[in-house]
Amino acid sequence: LAGTVVVLARRAARAPGANAASGDHAIGLDAWTCSEEATDCRTSMCCAQAGMQCYEKNAGWATCRESCTPGLGAYDTDGLPWSCKMLGVSSLWDYNIQRAQTIVNNLTLAEKVSLLHGENDGWPADRHGYAGYVGVGRAYSDEWEAKGVMPLSMNDGPQGYNSYGKFDGKSTQYPALLSVAASFSPETARRYATAIAEEFQ
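Read on for a plain summary of the structure. Residues take numbers from 1 onward in each chain, read along the sequence in its written order. The model is predicted, so local features are restricted to residues of pLDDT at least 70 and side-chain atom pairs to those at 80 or more, both for listing and for counting; the totals for chains, interfaces and linings are taken over all residues. Values shown for side chains rest on all heavy atoms present in the structure; no hydrogens or waters enter the calculation.

Points about the pairing of strand 2 (residues 61-65)
Logical step 1: Looking at chain direction, strand 1 (residues 53-58) and strand 2 are connected through five bridges and run antiparallel. Across the sheet, the residue bridging to Asn58 is Trp61, located in strand 2.
Logical step 2: DSSP bridges decide pairing: two strands pair if at least two such bridges lie between them. Only DSSP runs of H or I with at least four residues qualify as helices, and only runs of E with at least two residues qualify as strands; both kinds are numbered from the N terminus onward. Remark: two residues form the turn of the hairpin made by strand 1 and strand 2, two consecutive strands paired antiparallel.

In structure tokens:
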């Protein structure tokens, strides 16, 4: 996702009307081109030649190829296998669709059904201390996580303090903390916390 955002940001900056005076040139737009064959395409995530795709070998190398088979290739003298993850805005969608289909195909019917509802029974089929818990596993160390499915742990949307009835009138219902984070303002965070504390008192 982070790579996709970088590509979209760079392409947006290259659009007609980009203001170099405002700092658009800082990301090297003049040198922004798709990668040639046998060069590292992790930054550009696109290929100059038609019919080529940027494939990732590992976190340290990716290059443009016509196709890719996961594992070791005939010319891989370094002994490191290819992941063959497709890089680039358009390719990420196809890659993740294929990955999701593979994961779902490896789940049993019971495991698939367990992803459609939350747990609310006794341990280990409980909520694990969260407002909601959805997953194919029923333990903190999910025995099915090896199948590629991480549990989804949820909290209540309203933020603040919840006494769960222990102190009547002492629960707060404030907007989600994402709104505070989006402000990038320490002062906003301070005022938010102060308001919750004052209301609780």
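Observations concerning the nonpolar core
Logical step 1: Throughout this description, the term nonpolar core refers to a set of buried Ala, Val, Leu, Ile, Met, Phe, Trp, Tyr and Cys residues connected via side-chain atoms within 4.5 Å. Between buried and exposed lies partly exposed: a residue is buried under 20% and exposed over 50% of the maximum accessible area for its type, with that area taken using a 1.4 Å probe on protein chains only. Formed by Cys41, Met45, Cys47, Met52, Cys54, Ala62, Cys64 and Leu87, the largest nonpolar core amounts to eight residues.
Logical step 2: The contact criterion used is simple: two residues touch if any of their non-hydrogen atoms lie within 4.5 Å. Ignoring any residue separated from it by four or fewer positions in sequence, one finds Cys41 in contact with Ser35, Cys46, Cys54, Tyr55, Ala62, Thr63 and Cys64.
Logical step 3: In terms of nonpolar packing, the next biggest core, distinct from the first, is built from five residues, Tyr55, Cys68, Trp82 and Cys84 among them.

Section: the state of the cysteines
Logical step 1: The disulfide criterion used throughout: a pair of cysteine sulfur atoms within 2.5 Å. Summed over all chains, the structure comprises four disulfides.
Logical step 2: Two residues, Cys41 and Cys54, share a disulfide whose sulfurs are 2.0 Å apart. Looking down the S-S bond of the Cys41 and Cys54 bridge, the torsion is 90°, so its handedness is right-handed. Taken together, the positions of Cys41 in the loop between helix 1 (2-14) and strand 1 and Cys54 in strand 1 put the pair 13 residues apart, joining distant regions of the chain. No difference in accessibility class separates Cys41 from Cys54, as the two residues are buried.
Logical step 3: Here Cys68 engages in a disulfide with Cys84; their sulfurs sit 1.9 Å apart. Disulfide Cys68 to Cys84: torsion about the S-S bond roughly -70°, handedness left-handed. Within this pair, whereas Cys68 is found in the loop between strand 2 and strand 3 (85-86), its partner Cys84 is found in the loop between strand 2 and strand 3, the two being separated by 16 residues in sequence.
Logical step 4: On the basis of relative accessibility, which here comes to 15%, the residue Cys68 falls in the buried class.

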